[in-house]
Amino acid sequence: MDSVNASPKVAVVTGAGSGVGRSVAVTLARAGWSVVAAGRRPEPLAGTANLAVETAPDAAVLPVPTDVTSPDEVTRLFTTTRDHFGRVDLLFNNAGVSAPRGVPFEDLTPEQWRAVVDTNLTGAFFCAQAAFRAMRDQSPQGGRIINNGSVSAHAPRPHSAPYTATKHAVTGLTKSLSLDGRAYGIACGQIDIGNAATDMTRRMEAGVEQANGTVVVEPVMDVADVARTVLHMAELPLEANIQFVTIMATSMPYIGRG
């Protein structure tokens, strides 16, 4: 490639086997990006690749099964990306797990805490660091990292301490990457998502516990709206950056939560 603006650009999407990650991977591929789809299980990743090709026969989606909690597997992911496509222009740092449902704070086990922290925070760090190194060392230099935060980076739900803590920490990671990446032409932003319709949010159709103890059915939005927002962030020139953006179902209980 002759420049960072060359086409197709190369994106790594973690958590690409379902939900937000799948929608973003497919949207990027349909827009002409070469996409490396990472996730724990091979079968859902293959499904993501097939979905992209259904509507864009020339789409380039390379499934790479990856456990983001393993630094060795993350290193392999980015080595495979560079070997196959030559560079890394974008990381959508999306892999994550939710807090154990319905477990009061005082009853959380160390294992439950670590399971969330290892994926949502430590895994995000491993991926960001590998992408940062690739973007720093490649020619032309630079790229973009978009971290998946959450409205929980701003306001918690009941019984969500591990998830909320990691999402607050992701905001700090985003800010640090934005600062440390300046010298290398690496931009970093964060998308905070509220109630996108995915398997993870399906329980909202039956009702979700609110801060006052009631259970309320919450509105959701089409996950494609999230993907379009990520695509917009990704396709800005590196001289411009959306530092933070919140996209949410308009009527969800976020403003005024609690």
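Quick caveat, the model's predicted, so the values are computed rather than measured.

Undergrad: Break down the overall build of the protein for me, with residues and values.
TA: Each helix and strand counted, the protein has 6 helices and 9 strands in total. The C-alpha radius of gyration computed for the protein amounts to 18 Å, which stays within 12% of the reference 18 Å derived for 258 residues, consistent with globular compactness. Considered along the principal axes of its C-alpha atoms, the protein spans approximately 55 × 40 × 35 Å. A separation threshold of at least 6 residues defines the contact pool for the protein, and within that pool the share at least 24 residues apart is 72%. Surface exposure of the protein reaches about 11,700 Å², of which carbon and sulfur atoms provide 52%. If you average the places of the 21 positive and of the 24 negative side-chain charges in the protein, the two averages end up 2 Å apart.

Undergrad: How would you explain the packing of aromatic side chains if you had to name every residue and give the values?
TA: Under the defined criterion, the tally for this structure stands at 2 aromatic pairs. Relative to Phe126, the ring of Phe125 has its centre 5.8 Å away and its plane inclined at 50 degrees; by these criteria the two rings are tilted. Note on Phe126: relative accessible area 17%, which makes it buried.

Undergrad: Go over the pairing of strand S1 (residues 10-13), please, and point to the residues and values.
TA: Of the two faces of S1, the one lined by Val10 and Val12 and the one lined by Ala11 and Val13 are each fully buried. Where S1 meets strand S2 (residues 34-39), 4 bridges bridge the pair, whose relative direction is parallel. Bridging from a neighbouring strand, Val12 pairs with Val36 of S2. For the crossover from S1 across helix H1 (residues 19-30) to S2, the handedness is right-handed. In this structure, S1 lies alongside strand S4 (residues 90-93), joined through 3 bridges in parallel fashion. Pairing of Ala11 across the sheet is with Leu90, part of S4.

Undergrad: Describe the layout of surface pockets, with residues and values.
TA: Computed from the structure, the second largest pocket encloses a volume of approximately 170 Å³. Together, Pro71, Val74, Thr75, Phe78, Thr79, Arg82, Phe126, Gln129, Ala130, Arg133 and Ala134 line the second largest pocket. For the lining of the second largest pocket, the secondary structure elements donating two or more residues are helix H3 (71-85) and helix H4 (110-137). Ranked by the residues each element gives to the lining of the second largest pocket, the list is headed by H3, at 6 residues. Taken together, the residues that form the lining of the second largest pocket break down as 6 nonpolar, 3 polar and 2 charged.

Undergrad: Could you give an account of the environment of Asn148, with specific residues and numbers?
TA: Secondary-structure assignment places Asn148 in strand S5 (residues 143-148). Those residues within four positions of Asn148 in sequence are excluded, and the remaining contacts are Val20, Phe92, Asn93, Asn94, Lys167, Val170, Ile191 and Ile193.

Undergrad: Help me get a handle on the nonpolar core, residues and values and all.
TA: Core analysis: the largest hydrophobic core is formed by 38 residues, its most contacted members being Leu28 and Ile191. Elements that contribute at least two residues to this core include exactly S1, H1, S2, helix H2 (42-55), S4, strand S6 (186-194) and helix H6 (223-234). The greatest single-element share of this core, amounting to 7 residues, is contributed by H6. Judged by nonpolar contacts, the second largest core, of 28 residues, contains Phe78, Val88, Leu91 and Phe126.

Undergrad: Tell me about empty space enclosed by the protein, and name the residues and values.
TA: Unoccupied space between atoms shows up once a probe the size of one water molecule is rolled over them. Following the criterion strictly, the structure yields 2 cavities of 30 Å³ or more and no others. For the second largest cavity, the calculated volume is near 40 Å³. What lines the second largest cavity is Asn93, Asn94, Ala95, Asn120, Ala124, Asn147, Asn148, Lys167 and Val170. Elements that contribute at least two residues to the lining of the second largest cavity include exactly H4, S5 and helix H5 (161-180). For the lining of the second largest cavity, the class distribution of residues is 3 nonpolar, 5 polar and 1 charged.

Undergrad: Can you lay out the confidence of the model for the protein for me, pointing to particular residues and giving the numbers?
TA: Within the protein, residue pLDDT values average 92, and 96% of them lie at 70 or more. The low-confidence segment residues 1-5 (pLDDT under 50) makes 14 contacts with residues lying over four places distant or belonging to another chain.

Undergrad: Just give me the short version of the side chain of Ser150, but keep the residues and values in it.
TA: Positionally, Ser150 belongs in the loop between S5 and H5. On the accessibility criterion, Ser150 (5% relative accessible area) is buried. Within the local environment of Ser150, its side chain forms a polar contact with the backbone nitrogen of Ser152, the two atoms lying 2.9 Å apart. If we skip the residues at most four places from it in the chain, Ser150 touches Tyr163, Lys167, Ile191, Asp192 and Ile193.

Undergrad: Lay out the pattern of salt bridges in plain terms, naming residues and giving numbers.
TA: Taken as a whole, this structure holds 6 salt bridges when the rule is applied. Two residues, Asp137 and Arg136, come together in a salt bridge whose shortest N-O distance is 2.7 Å.

Reading guide: rules and limits
In this convention, every chain numbers its residues from 1, walking through the sequence in written order. Whole-chain, interface and lining totals are the exception, using all residues; otherwise, since this is a predicted model, local features are given only for residues with pLDDT of at least 70 and side-chain atom pairs are given and counted only at 80 or more. Calculation of side-chain values draws on the structure's entire complement of heavy atoms; hydrogens and water are dropped beforehand. Only DSSP runs of H or I covering at least 4 residues are called helices, and only runs of E covering at least 2 are called strands; the numbering of each starts at the N terminus. Taken over C-alpha atoms, the radius of gyration is set against a globule rule of 2.2 Å times the number of residues to the power 0.38. Between two residues, a contact is recorded if the distance between any of their heavy atoms is within 4.5 Å. Using the Shrake-Rupley algorithm and a 1.4 Å probe, accessible areas are obtained, with residue cover drawn only from the displayed protein chains. None of His or the chain ends enter the tally, which takes Lys and Arg as positive and Asp and Glu as negative. Taken as the charge centre is NZ of Lys, CZ of Arg, CG of Asp or CD of Glu, depending on the residue. In this analysis, rings of Phe, Tyr and Trp, with Trp reduced to its six-membered ring, are considered paired at centre separations within 6.5 Å, and the interplanar angle assigns stacked below 30 degrees, edge-to-face beyond 60, and tilted for intermediate values. Relative accessibility decides the category of a residue: with a 1.4 Å probe and only protein chains considered, values under 20% of the type maximum give buried, values over 50% give exposed, and everything between is partly exposed. Any two strands with at least two DSSP-identified bridges between them are counted as paired. Crossovers are described as right-handed under a simple rule: with the strands pointing away from the observer, the path leading from the first strand over the helix to the second runs clockwise. The pocket and cavity definitions rest on a 1 Å grid over protein atoms only: a 1.4 Å probe that fits but cannot leave marks a cavity, an open set with protein on both sides within 12 Å along at least five of seven lines marks a pocket, and residues lining either have an atom within 4 Å of a point. Grid points are joined across faces, edges and corners, and a volume is the space filled by probe spheres set on the points. Classification used: nonpolar for Ala, Val, Leu, Ile, Met, Phe, Trp, Tyr, Cys and Pro, charged for Asp, Glu, Lys and Arg, polar for all others including Gly. By nonpolar core is meant a set of buried Ala, Val, Leu, Ile, Met, Phe, Trp, Tyr and Cys residues that side-chain atoms within 4.5 Å join together. Confidence scores here are pLDDT values: one per residue, from the predictor, ranging 0 to 100. We call two N or O atoms a polar contact when they sit within 3.5 Å, provided that within protein one can donate a hydrogen and the other can accept it, with sequence-adjacent residues counted only if both atoms are side-chain atoms. Definition used for salt bridges: Asp or Glu carboxyl oxygen within 4 Å of a side-chain nitrogen of Lys or Arg.

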